Amino acid sequence: MSKGVLVVVGTGIQVTTHMTAQAESVIRQADKVFYTIPDQLGDAWMQALNPTAESLSSLYKGHKRRLDTYQLMVEHIVTAVRLGLNVCAVFYGHPGVFVLPAHEAIKQARAEGFRAWMCPGISAEDCLFADLNIDPATYGCQSYEATDFLITHPQIDTSSHLIVWQIGAVGNMQEPHKRKEQGLQILTEVLQHHYPPRHLVTVYEASPLPRYSPRIQTLPLHQLPQAAVSSLSTLYVPPCHKKSPDYAMMARLGIDPKDVMKDW
Ligand SMILES: C[S@@+](CC[C@H](N)C(=O)[O-])C[C@H]1O[C@@H](n2cnc3c(N)ncnc32)[C@H](O)[C@@H]1O
């Protein structure tokens, strides 16, 4: 029997146009494909690429803890690898960005002695940089999952860009994702410890379909609980002040201050 292999790939956000040539080739060549993709267009696309494609979305049924669902997914995927198959697991966006079961399946397969690796994909954050015209290299960029942000109190640098994921499911540790009204309210309160209430923030949704515009709603932070938020929404908070450069360090590094990038 041949030794099983696992390759984890991403669809990108627009499944039919963002998928990389590498991901498509891996899907086509797999003996068995598992996938979780949020729309029906994705189902048809997966079937067209590889008729063995099987959706894992039924594992979300029954209001389980999210971590239990993820464990079931890992078990499903690695069981096929144990059978000696060349397995491809497909996740939405970049498969390694906010996708715990993708990382866990690779760890589990490797721990059992199988070859396993991941191909990168286009994430929601990549689309956000493009649609909102933001470069993470300018001011730096922090990125957090909303619930994790609230329960771990990371140090926020308010002179950097801040991206908060899963604002449509703050405090919800179960599947299917249900919006908890008070979650967004609490997130807004906590953000107001760091940013002024009138600081403009953006609720962002990249279009999952080609030729459609992204949904971009910019509003004062204190009005965030009234924003139209879905399971696809990501929050972008721009910096609220500028860092001043360390001129002594520039001198030590031999940098001419005129060479340091300015705002255009
Ligand atoms: C489980 S994570 C999956 C992220 C995905 N792997 C990626 O690479 O973007 C789900 C979260 O990603 C973000 N997201 C997913 N689709 C999005 C979209 N179309 N526009 C903006 N953010 C999106 C939202 O914050 C959502 O709650």
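In this text, all values refer to a predicted model and were calculated from it rather than measured experimentally. (Residues numbered from 1 in each chain as written. Predicted model: local features only at pLDDT ≥ 70, side-chain atom pairs only at ≥ 80, totals over all residues. Heavy atoms only, no water.)

## Some details on the overall build of the protein
Note the threshold: Helix and strand labels come from DSSP, where a helix needs a run of H or I of at least four residues and a strand needs a run of E of at least two; each type is numbered from the N terminus. A 1.4 Å probe rolled over the protein chains alone gives each residue an accessible area, and that area as a share of the maximum for its type sets the label: buried under 20%, exposed over 50%, partly exposed in between. Pairs of residues are marked as contacts when any of their non-hydrogen atoms sit within 4.5 Å. Residues counted as positive are Lys and Arg, residues counted as negative are Asp and Glu, and His and the chain ends are not counted. By convention, the point assigned to a charge is CZ for Arg, NZ for Lys, CD for Glu and CG for Asp.
Along the backbone of the protein there are 9 helices and 10 strands. Principal-axis analysis of the C-alpha atoms gives the protein an extent of 65 × 50 × 40 Å. Scored against the burial criterion, the 264 residues of the protein give a buried share of 45%. The long-range fraction of contacts in the protein, counting pairs at least 24 apart against all pairs at least 6 apart in sequence, stands at 65%. Of the charged side chains in the protein, 22 are positive and 24 negative, and the gap between their average positions amounts to 2 Å.

## Some details on the site of the ligand
Put simply, the rule is: One heavy atom suffices: a residue is near a molecule or strand as soon as one of its heavy atoms comes within 4 Å of it. In protein, a polar contact means a hydrogen-donor-capable atom and an acceptor-capable atom, both N or O and within 3.5 Å, with residues adjacent in sequence counting only if both atoms are side-chain atoms; elsewhere, any N or O pair within 3.5 Å suffices. For the accessible areas, the method is Shrake-Rupley and the probe is 1.4 Å, while residue cover comes only from the protein chains on display. Under the grouping applied here, Gly and all other residues not named as nonpolar or charged are polar, the nonpolar ones being Ala, Val, Leu, Ile, Met, Phe, Trp, Tyr, Cys and Pro and the charged ones Asp, Glu, Lys and Arg. Domain limits in this description derive from either an automatic procedure or a database domain assignment.
The local shell around the ligand holds 18 residues, among which H94, A124, A206, L232 and T234 are the closest. Within the backbone of A206, one N or O atom sits 2.8 Å away from a nitrogen atom of the ligand. Take S231: an N or O atom from its main chain is 3.0 Å from an oxygen atom of the ligand. Against a free-state accessible area of 570 Å², the protein chains account for coverage of 93% of the ligand. Across the shell around the ligand, the residue classes tally to 10 nonpolar, 7 polar and 1 charged. Taken domain by domain, the makeup of the shell around the ligand includes at least three residues from each of domain 1 (5-118) and domain 2 (124-237).

## What about the domain arrangement of the protein?
Selection rule: Summed over both partners, the accessible area (1.4 Å probe) lost when two parts come together is defined as the buried area.
Domain annotation of the protein identifies domain 1 (5-118) and domain 2 (124-237). The centre of domain 1, based on its C-alpha atoms, is set 26 Å off from the matching centre of domain 2. Taken together, the contacts link 18 residues of domain 1 with 21 residues of domain 2. For the domain 1 and domain 2 pair, buried surface summed over both sides reaches about 1600 Å², with 58% attributable to carbon and sulfur atoms.

## Description of helix α4 (residues 66-82)
To keep things clear, this is the line we draw: For a helix, the expected span equals 1.5 Å multiplied by the residue count minus one.
An ideal rise of 1.5 Å per residue puts 24 Å on 17 residues; α4 measures up with 24 Å between its terminal C-alpha atoms. Summarising the contacts, the buried residues of α4 are in contact with β1 (5-10), β2 (32-36), β4 (86-91) and α5 (100-111). Downstream of α4 by a residue or two, G84 has a phi angle that is positive, lying close to 90 degrees.

## Digging into the packing of α4 against α5
Angle between the axes and distance between the axes are the two parameters that describe a pair of packed helices. Heads up, the rule is: Helix axes are fitted to C-alpha atoms over the stretch in contact, other axes to C-alpha atoms as well, and angles between N-to-C directions run from 0 to 180 degrees. Relative orientations are named as follows: roughly parallel for angles under 35 degrees, roughly antiparallel for angles over 145 degrees, roughly perpendicular for angles from 65 to 115 degrees, and oblique for any other angle. Helix crossings get a hand from a simple test, with the near helix turned counterclockwise from the far one by less than a right angle marking a left-handed crossing and a clockwise turn marking a right-handed one.
Running from amino to carboxyl end, α4 crosses α5 at an angle of 40 degrees, the nearest separation of the two axes being 9 Å. The angle between α4 and α5 falls in the class oblique. Classified by chirality, the crossing of α5 by α4 is right-handed. For the pair α4 and α5, the contacting residues are L67, Y70, M73, V74, I77, V78 and R82 in the first and L100, P101, E104, A105, Q108 and A109 in the second.

## Focus on helix α2 (residues 21-29)
Threshold: Regarding the arc, it is the one traced by the directions from the helix axis to the C-beta atoms.
Within α2, burial applies to A23, V26 and I27. The buried residues of α2 all sit within an arc of 100 degrees when viewed along its axis, so they share a single face. For α2, exposure combined with an orientation more than 90 degrees from the buried face picks out A21 and Q29. For α2, the elements touching its buried residues are β1, β2, α3 (40-49) and β4.

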